[in-house]
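Remarks on the overall topology
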Amino acid sequence: MKHLRRPARRALLVVHVSVSVAWLGLSVGLLALGVAAFTTSDASLTEAAYRAMTVFADWLLAPIAVVTLVSGLGLSLGTPWGLARHRWVWIKFWITMATAAATVFALRPEIGQAAAAGVPDAGLVAAPVVSTTAYLFMTAISVLKPWGLTRRGRRLRQAGGSRKPVDGRPARQTA
């Protein structure tokens, strides 16, 4: 894929960071509602918390997960970082795929069932804990960029296929 021009890359980066932060915030909000529903002895509070979770799940979870995945793919494929050049990008991709799939196919239906039943569900505390941990981990590796190149990235570097500073060569000085 051809590299994105600077304005497009920056716009896509803003979209990706924004929806990623939204996904993290939504997960923390679901965790708070799940804990409130699970720990209270008030049945009406449990029901209200699960109904609020249903609104978030039905209107926000899937679109935010999809936009995060698509914008991350666009950034990885349209920039020198590449999808399979650096381990941290590759790991983020697979964690995003797993959490998006779990969100759409497991968490949303579980929230719907809990809202219909109105009884406390420990799974609706555990799932947001796992997702929040995953999103915080992905945030950390996005900032720290650990682990270096993948095998493919090393091959490309040795072949001289990369002239970008993200692959280890110094950047050109500009005015």
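Up top you'll find the structure we're talking about.
A surface patch of positive charge is lined by Arg 87, Arg 151, Arg 152, Arg 154 and Arg 155. Here the positive patch gets 4 residues from one element, more than from any other, and that element is helix H5 (residues 151–158). Assessed through its relative accessible area of 53%, Arg 155 is described here as exposed.

Enumeration according to the criterion identifies 2 salt bridges in this entry. With a closest N to O distance of 3.1 Å, Arg 51 and Glu 47 form a salt bridge. With Arg 51 and Glu 47 both in helix H2 (residues 43–78) and 4 residues apart, the pair spans about one turn of that helix. Note on Glu 47: relative accessible area 34%, which makes it partly exposed. Close ionic contact of Arg 108 with Asp 58 constitutes a salt bridge, the shortest N to O distance being 3.5 Å. With Arg 108 in helix H3 (residues 87–117) and Asp 58 in helix H2, the pair connects residues that are 50 residues apart, well separated along the chain. You can call Arg 108 partly exposed: its relative accessible area is 27%.

The rules behind the values
- Numbers given to residues run from 1 along each chain, matching the order in which its sequence is written.
- Given that the model is predicted, a residue must reach a pLDDT of at least 70 before its local features are reported, and side-chain atom pairs must reach 80 or more before they are shown or counted; all residues, however, enter totals for whole chains, interfaces and linings.
- Values reported for side chains reflect all heavy atoms of the structure, with hydrogen atoms and water molecules removed beforehand.
- Like charges are joined within 9 Å and nonpolar side chains (Val, Leu, Ile, Met, Phe, Trp, Tyr) within 5 Å, but only among residues with over 30% relative accessible area and no salt bridge; these make up the patches.
- To be clear on the numbers: accessible area is Shrake-Rupley with a 1.4 Å probe, and residue cover counts the displayed protein chains and nothing else.
- The working definition used for a salt bridge is a side-chain nitrogen of Lys or Arg within 4 Å of a carboxyl oxygen of Asp or Glu.
- For the purpose of charge, His is not counted, nor are the chain termini; Lys and Arg are scored as positive and Asp and Glu as negative.
- The atoms used to mark charge sites are NZ of Lys, CZ of Arg, CG of Asp and CD of Glu.
- In this description a helix means any DSSP run of H or I spanning at least four residues, a strand means any run of E spanning at least two, and both kinds are numbered starting from the N terminus.
- To sort residues, take the accessible area from a 1.4 Å probe on protein chains only and compare it with the maximum for the residue type: under 20% means buried, over 50% means exposed, and anything in between is partly exposed.

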